[in-house]
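Observations on the three-dimensional arrangement
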Amino acid sequence: MRRREFIALIGSAAATWPLAARAQQGAKLPTIGFLGTLSEVQALPQVTAFRRGLSEVGFSEGRNIAIEFRWAEGRYERLPAMAADLVRRPVALILANAPPAALSAKATTATVPIVFVVGFDPVAAGLVASLSRPGGNATGITLISVVLGQKRLEILRELAPKASVVAMLANPISPDAVPEIGTVHAAGQSMGLELAMFNVSAANEFDAVFAAIAERRPDALLVGTDPLFVNRREDIVKGAARLRIPAIYPFREYAEAGGLISYGTSIFNAYRQAGIYAGRILKGDRPGDLPVMQPVVFELVINLKTARELGLEIPATLHARSDEVIE
């Protein structure tokens, strides 16, 4: 090949390569719609875990998938419009972040696949036909946090055997509030405990509600599973510290933030598994054929530093059952 022909060939290739690269970059990637109940900052750990799960089945944002985020920032009434917006886009799949998002997504579409992470019973809530064979367009992970309310109350009773009144923090507008309160109330009656309810549905209500709890002077505190509470855990832990009473929480994040004791499953692992399910659906699995996953491991985490500050001695039987002790 003569030198002039060679230079012309190289020039032609150089002009073609950028066009090919731009065409590849401009190709439409399958898009996951992340329907977030809270804010972007508050949901960062869940998003990180979700991306981890996607990567385990070969998906990476920007390389072979895109993710569109919608954040309700605690205003659950915004979720139906956000779900409809994602469906119109359209997206290939919706990740529903917590019960309010899951119910909104399910009410919006019967065709777009939905992967949810919830704490309540998804069958009773109408999200799926059954846990083993969900049917329809939705599947996901249940933390079964609601039914664990009874177990948390039993642990509180071990911590404070002389307690007669237990305060419970709940979000009245959350879909899982009613079943969770019902479970705890029934358990409390069987133990001879009075349940004093205190409602919080916005971030700016915590100071007022803890002032009301202090006035009621309960013997212990049980914190509900609403996502708003998880993301305001520092405020809740500080409020419980001011009350100087035993308090139990649904997830380890509270104990790590200084809460006395927590009992529940791993939020991080739930969202990681949701990422794996999302990837499998993008590869061709049908959501209705993927069983709803339930946790098999529950963590009992005790913060001994907080116990000492309260002048509380952890019973030896409870200490022996703990999965982790924070010194």
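An account of the accompanying structure is given in this report. (Residues numbered from 1 in each chain as written. Predicted model: local features only at pLDDT ≥ 70, side-chain atom pairs only at ≥ 80, totals over all residues. Heavy atoms only, no water.)

Before going further, it helps to spend a moment on the packing of helix H5 (residues 149–159) against helix H6 (residues 177–191). Relative to each other, H5 and H6 sit at 40°, their axes nearing to 8 Å. One element, H5, and the other, H6, form an angle in the oblique class. For the element pair H5 and H6, the recorded crossing hand is right-handed. Residues Gly149, Gln150, Arg152, Leu153, Glu154 and Arg157 of H5 pack against Glu180, Thr183, Val184, Ala187, Gly188 and Met191 of H6. Split into classes, the residues belonging to the contact of H5 with H6 amount to four nonpolar, four polar and four charged. (Axes fitted to C-alpha atoms, helices over the stretch in contact; angles between N-to-C directions. Helix = DSSP H or I, 4+ residues; strand = E, 2+ residues; numbered from the N terminus. Parallel < 35°, antiparallel > 145°, perpendicular 65-115°, else oblique. Left-handed = near helix turned anticlockwise from the far one by under 90°. Contact = heavy atoms within 4.5 Å. Nonpolar A, V, L, I, M, F, W, Y, C, P; charged D, E, K, R; others polar.)

Residues Arg89 and Pro90 are joined by a peptide bond in cis, for which omega reads -10°. Its location among the elements puts Pro90 in the loop between helix H3 (79–88) and strand S3 (93–97). Of note in the backbone geometry, Ala98 takes a positive phi value of approximately 90° without being a glycine. Look at Arg244: it is not a glycine, yet its phi comes out positive at around 55°. By the element assignment, Arg244 lies in the loop between helix H9 (233–243) and strand S9 (247–249).

Tallied over the full model, the rule gives two cavities of 30 Å³ or more. Computed from the structure, the largest cavity encloses a volume of approximately 210 Å³. Taken together, 19 residues form the lining of the largest cavity, with Ala98, Leu143, Thr225, Pro227 and Tyr271 sitting closest to its centre. Breaking the lining of the largest cavity down by element, the ones donating at least two residues are strand S4 (114–118), helix H8 (227–231) and helix H11 (267–282). Top element by residues in the lining of the largest cavity is H8. It accounts for three residues. Taken together, the residues of the lining of the largest cavity sort by class into 12 nonpolar, six polar and one charged. (1 Å grid on protein atoms, 1.4 Å probe; cavity = no way out; pocket = protein on both sides within 12 Å on 5 of 7 lines; lining within 4 Å. Points joined across faces, edges and corners; volume = space filled by probe spheres on them.)

Residue placement: Asn97 occurs in strand S3. Within the structure, the side chain of Asn97 is placed 2.6 Å from the side chain of Tyr271, a separation counted as a polar contact. Setting aside its immediate chain neighbours within four residues, Asn97 contacts Phe34, Leu35, Gly36, Thr37, Leu38, Gln46, Val117 and Tyr271. (Polar contact = N/O pair within 3.5 Å; in protein donor to acceptor, adjacent residues only side chain to side chain.)

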